[in-house]
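Close look at the chain arrangement
Residue strings, one per chain:
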Amino acid sequence: MHMPTHERVVAVTGASRGIGAAIAVELARRGFTVACLTRKGLGVETPVPAGLAGRLLSVQCDVTDEQSLAQAFDRVAREAGGLHALVNNAGIHVESPSNQMSAATFEQVMATNTIAVFSACRLAYPHLLKAGAGMIVNIGSFFDRMGVKRNLAYCASKAAVGAITRCLAVEWASKGIRVIDIAPGYIQTDLNRAVLESGPLHDYLKRRIPGGAPGAAEDVARLIGALLAEDIPFLTGETIYLDGAQGIAH
Ligand code: NDP
């Protein structure tokens, strides 16, 4: 079943700012109806290009709360006429030396980056089934296969996103539901612009990223927009790295 973009409804978690906001705007630009699931319920909090606001629906949702997720999906299906795809973008990043990190901090990172991804997939499932097919895009990270100092919880949480993606892709393929993990490398957003534009991390990345500079939120957004629009039936279960080849560079 291949439906035109303007007939499809996509829910994006953590759409308030950063990569999530860019994904929501790009999907709206392509004609999708986009449900922006955000903690404040104010939708995309960064400027939205003229003419796109009508395709964006603001829905309050804390992804770590299953009841909140279930209510959000029900509302989207009711108000937008169904749910055809989900982008699990909401995530947190906590840095701590591993010997000083509490189990509570580890659990907090897993709750948002991993368990919420599972819960959102599980709770979106009946809606995707009802739609006859569907696609889930999980946002992982190229840290999923790296050893990164002070990033144990984050790396573990994103490796688990790859595993969740593979398991659900296999389990739900017969239902026409496809699951993809997009694993970005360093992406510049408003939040990290200062550290990525100057200082030690800037110098390090200039050496480490083969192209010499981080990616943009729009790079991630355009890849997801293209994947959702093309709707390629045989593509599922994969982790696609979008890191300017940093992860494979010698
Ligand atoms: P930001 O910190 O800029 O944005 C994170 C988003 O997640 C915000 O919209 C935030 O909402 C939302 N969020 C956090 N917790 C919750 C929650 N409990 N419920 C609902 N929403 C929540 O991050 P980025 O845009 O940089 O990252 C987006 C995704 O991309 C994350 O999964 C991240 O791990 C991943 N990623 C980012 C990379 C980068 O270099 N930037 C690299 C690789 C992966 P609120 O406004 O309410 O805080």
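Cut-off values and rules
Residues numbered from 1 in each chain as written. Predicted model: local features only at pLDDT ≥ 70, side-chain atom pairs only at ≥ 80, totals over all residues. Heavy atoms only, no water. Buried < 20%, exposed > 50% of the residue type's maximum accessible area, 1.4 Å probe, protein only. Helix = DSSP H or I, 4+ residues; strand = E, 2+ residues; numbered from the N terminus. Pairing = 2+ DSSP bridges. Right-handed = clockwise from strand over helix to strand, strands pointing away. Near = heavy atom within 4 Å. Polar contact = N/O pair within 3.5 Å; in protein donor to acceptor, adjacent residues only side chain to side chain. Areas by Shrake-Rupley, 256 points an atom, 1.4 Å probe, with all protein chains shown as cover. Nonpolar A, V, L, I, M, F, W, Y, C, P; charged D, E, K, R; others polar. Salt bridge = Lys/Arg side-chain N within 4 Å of Asp/Glu carboxyl O.

1. A few points about the pairing of strand β6 (residues 177-184)
Of all eight residues that make up β6, eight are buried, and the element is covered over most of its length. Where strand β5 (residues 134-139) meets β6, six bridges bridge the pair, whose relative direction is parallel. If you follow N138 over to β6, its bridge partner there is D181. Considered for its hand, the β-α-β crossover made up of β5, helix α4 (residues 152-172) and β6 is right-handed. Inspection of the sheet shows β6 paired to strand β9 (residues 239-242) by four bridges, in the parallel sense. Residue pairing across strands places A183 opposite Y241, the latter belonging to β9.

2. Some remarks on the site of the ligand
Around the ligand, 27 residues are found, and the nearest of them are S16, R17, I19, R39 and Y154. Note that an oxygen atom of the ligand is positioned 2.7 Å from one of the side-chain N or O atoms of R39. N89 is positioned such that a nitrogen or oxygen atom in its backbone is 2.8 Å from an oxygen atom of the ligand. For the ligand, whose free accessible area comes to 890 Å², the fraction covered by protein is 89%. Those elements that place two or more of their residues in the shell around the ligand are α1 (18-29) and α4. The residue makeup of the shell around the ligand, split by class, is eleven nonpolar, twelve polar and four charged.

3. Some points on the pattern of salt bridges
Inspection of every chain in the model, using the stated rule, returns ten salt bridges. For the salt bridge of E26 with R30, the shortest nitrogen-to-oxygen distance reads 3.0 Å. Assessed through its relative accessible area of 8%, E26 is described here as buried. Judged by relative accessible area, which is 28%, R30 ranks as partly exposed. Three or more residues are tied together by salt bridges with common partners; here these are R8, R178 and D231.

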